[in-house]
Amino acid sequence: MTTSQLGQALLFRSLHTPARPLALANAWDVASAGVIAAAGAPAIATTSAGMAWSLGRPDGEGVTPDRVLELIARIVAAVDVPVTADIEGGYGRGAASVADTVTGVLEAGAVGVNIEDGTRPPAELEARLRAARGAAERAGVPLFLNARTDTYLLGLGDPATRLRDTLERARRYVDAGADGIFVPGVTDPATIKELAAGISAPVNIMAGPAAPDVAELGALGVARVSLGSGIAQTAYAAARRAAQRLYDTGDYRPLADAMGFSELNGMFPDPRTR
């Protein structure tokens, strides 16, 4: 751990507050991270889906840990703000593999991770969280460990008891070492308010067109707002729209909204001048 990494880890931790929720427009490669940072982002979060798509793979741990870690390191080197990495379930069959992944993430310079339960039993994510926390302590980095529960996103369990089940998972994950709880798939303000009130750690919500805006989420008690793969999906939709106009009508009007070539090119140092 470097002094710079320690400072960024402490800064990133301090950004989680409902008074001014941490808004994260998730990046998937170096260019998207640079664009997002230049827009004023206080931190960069990666999206596993966007990263996988950019490498020609489906989301769902379809990319090898080495490729993910290499991309995280490139993003960290390209921006001056803290970086937190989406590592899905931890890239491994067991807790020991998750510890190895987290060690690699820290060596890449990131200061936070998301680890999700998906359809795994809560006890399995608990073990992975403990392994991740242990790896961070050995590295001496105050890693922000964000535990994602997919009860709402995947519609797990009985809808009548889903809120109670989610709060119980959150309690277990915090006890296992999580610093924050990520509950994607929820947009209903009343449910979000109950989640924030019932969870003892900062709550992260995935936002989209149907969700309240950042300030409204903060008023409900949310400390962190993520766009997930939404920015990547929007970028690919823009590419498809421009291509379809070219082939359907022969015009180039969608290109009028493009970023300037010099602006984009100027974000990256010329290796020949180093």
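Anything mentioned here points back to the structure above.
The structure presented is a predicted model; accordingly, all values stated were derived computationally and were not measured.

About the criteria used
For every chain, the first residue of the written sequence is number 1, and numbering continues from 1 onward in sequence order. Only residues with pLDDT of at least 70 are given local features in this predicted model, and only at 80 or more are side-chain atom pairs given and counted; all residues enter the totals for whole chains, interfaces and linings. Excluding hydrogens and water, the side-chain values take into account all heavy atoms of the structure. Each helix corresponds to a stretch of at least 4 residues labelled H or I by DSSP, and each strand to a stretch of at least 2 residues labelled E; elements are numbered beginning at the N terminus. Contacts were defined at the residue level, with two residues in contact if any of their heavy atoms lie within 4.5 Å. Note on exposure labels: buried denotes an accessible area under 20% of the residue type's maximum, exposed denotes more than 50%, and partly exposed covers the range between, all computed with a 1.4 Å probe on protein chains only. Between N or O atoms, a polar contact is any pair within 3.5 Å; within protein, one atom must be a potential hydrogen donor and the other a potential acceptor, and residues adjacent in sequence are included only when both atoms are from side chains. Lines fitted to C-alpha atoms define the axes, with helix axes restricted to the stretch in contact, and inter-axis angles between N-to-C directions lie between 0 and 180 degrees. When an angle is under 35 degrees it counts as roughly parallel; over 145 it counts as roughly antiparallel; between 65 and 115 it counts as roughly perpendicular; any other value is oblique. Each crossing is labelled by how the near helix is turned from the far one, with a counterclockwise turn of less than a right angle marking it left-handed and a clockwise turn marking it right-handed. When residue character is reported, Ala, Val, Leu, Ile, Met, Phe, Trp, Tyr, Cys and Pro are called nonpolar, Asp, Glu, Lys and Arg charged, and the others, Gly included, polar. In the sections that follow, a salt bridge refers to a side-chain nitrogen of Lys or Arg positioned within 4 Å of a carboxyl oxygen of Asp or Glu. Strands are labelled as partners when DSSP assigns at least two bridges between them. Here the term right-handed applies to a crossover when the path leading from its first strand over the helix to its second strand runs clockwise, the strands being oriented away from the viewer. Working definition of a nonpolar core: buried Ala, Val, Leu, Ile, Met, Phe, Trp, Tyr and Cys residues. They are joined through side-chain atoms within 4.5 Å.

(A) Broad picture of the side chain of Thr-46. Within the secondary structure layout, Thr-46 lies in the loop between strand S2 (44–45) and helix H3 (48–54). Not counting residues within four places of it along the chain, the set of residues in contact with Thr-46 comprises Asn-26, Ala-27, Met-51, Ile-75, Thr-84, Ala-85 and Asp-86.

(B) Spotlight on the side chain of Asp-251. The topology assignment puts Asp-251 in the loop between helix H10 (230–248) and helix H11 (261–265). The exposure class assigned to Asp-251 is buried, which follows from its relative accessible area of 18%. Side chain to side chain, Asp-251 and Arg-245 meet in a polar contact 3.1 Å long. For Asp-251, the side chain forms a polar contact with the main-chain nitrogen of Arg-253, separated by 3.0 Å.

(C) Spotlight on the packing of helix H7 (residues 162–175) against helix H8 (residues 189–198). The interhelical angle for the contact between H7 and H8, taken along N-to-C directions, is 30°, at an axis separation of 10 Å. Considering their axes alone, H7 and H8 lie roughly parallel with respect to each other. The two elements H7 and H8 cross, and the hand of that crossing is right-handed. Across the interface between the two elements, Leu-163, Thr-166 and Leu-167 of H7 pack against Thr-191, Glu-194, Leu-195 and Gly-198 of H8. Taken together, the residues of the contact of H7 with H8 sort by class into three nonpolar, three polar and one charged.

(D) Representation of the pattern of salt bridges within the structure. What the rule picks out here adds up to 15 salt bridges. A salt bridge links Arg-133 to Asp-179, with the shortest nitrogen-to-oxygen separation between them at 2.5 Å. One end of the pair, Arg-133, is in helix H6 (residues 122–139); the other, Asp-179, is in the loop between H7 and strand S6 (180–182), and 46 residues separate them in sequence. With respect to burial, Arg-133 and Asp-179 carry one shared label: buried.

(E) Quick peek at the packing of H6 against H7. Viewed as axis vectors pointing N to C, H6 and H7 meet at an angle of 25°, and their least axial separation amounts to 9 Å. As the angle between them shows, H6 and H7 are arranged roughly parallel. Seen from above, H6 lies across H7 with right-handed handedness. Where H6 approaches H7, its residues Pro-122, Ala-123, Leu-125, Glu-126 and Leu-129 are matched on the opposing element by Arg-169, Arg-172 and Tyr-173.

(F) Structural detail: the pairing of strand S5 (residues 144–148). Within S5, five of the five residues are buried, which leaves it mostly tucked inside the rest of the structure. Burial of the side chains of S5 extends over both faces: Phe-144, Asn-146 and Arg-148 are buried on one face and Leu-145 and Ala-147 on the other. Direction of pairing for strand S4 (residues 112–116) relative to S5: parallel, over a ladder of five bridges. Bridge pairing in S5 links Glu-116 to Arg-148. The parallel pair S4 and S5, bridged by H6, forms a crossover whose chirality is right-handed. In this structure, S5 lies alongside S6, joined through three bridges in parallel fashion. The residue bridging Asn-146 from the neighbouring strand is Gly-180, located in S6. Regarding the hand of the β-α-β motif, the stretch spanning S5, H7 and S6 is right-handed.

(G) Representation of the sheet that holds S4. Spatially, eight strands are ordered S1-S8-S7-S6-S5-S4-S3-S2 in an open sheet, and the strand pairing comes out parallel. Each edge of the open sheet is held by one strand with a lone partner, namely strand S1 (22–24) and S2. Examined bridge by bridge, S2 and strand S3 (residues 83–86) share two bridges and lie parallel to one another. Looking at S3, one finds that Ala-45 is bridged to Thr-84.

(H) Structural view of the environment of Thr-3. Structurally, Thr-3 is set in helix H1 (residues 3–14). Overall, the relative accessible area of 70% leaves Thr-3 in the exposed class.

(I) Examining the nonpolar core more closely. Core analysis: the largest hydrophobic core is formed by 70 residues, its most contacted members being Ile-44 and Ile-72. In this structure Ile-72 touches Met-51, Ala-85, Val-105, Ala-108 and Ala-110, once residues within four positions along its chain are discounted.

(J) Geometry of the pairing of strand S7 (residues 203–206). With two bridges joining them, S6 and S7 adopt parallel strand pairing. Pairing of Ile-181 across the sheet is with Val-203, part of S7. Of the crossover connections in this fold, the one passing from S6 over H8 to the parallel S7 is right-handed. Across three bridges, the pairing between S7 and strand S8 (residues 224–226) is parallel. Paired with Met-206 across the strands is Ser-226, a residue of S8. A crossover links S7 with its parallel partner S8, the connecting element being helix H9 (residues 214–219), and its sense is right-handed.

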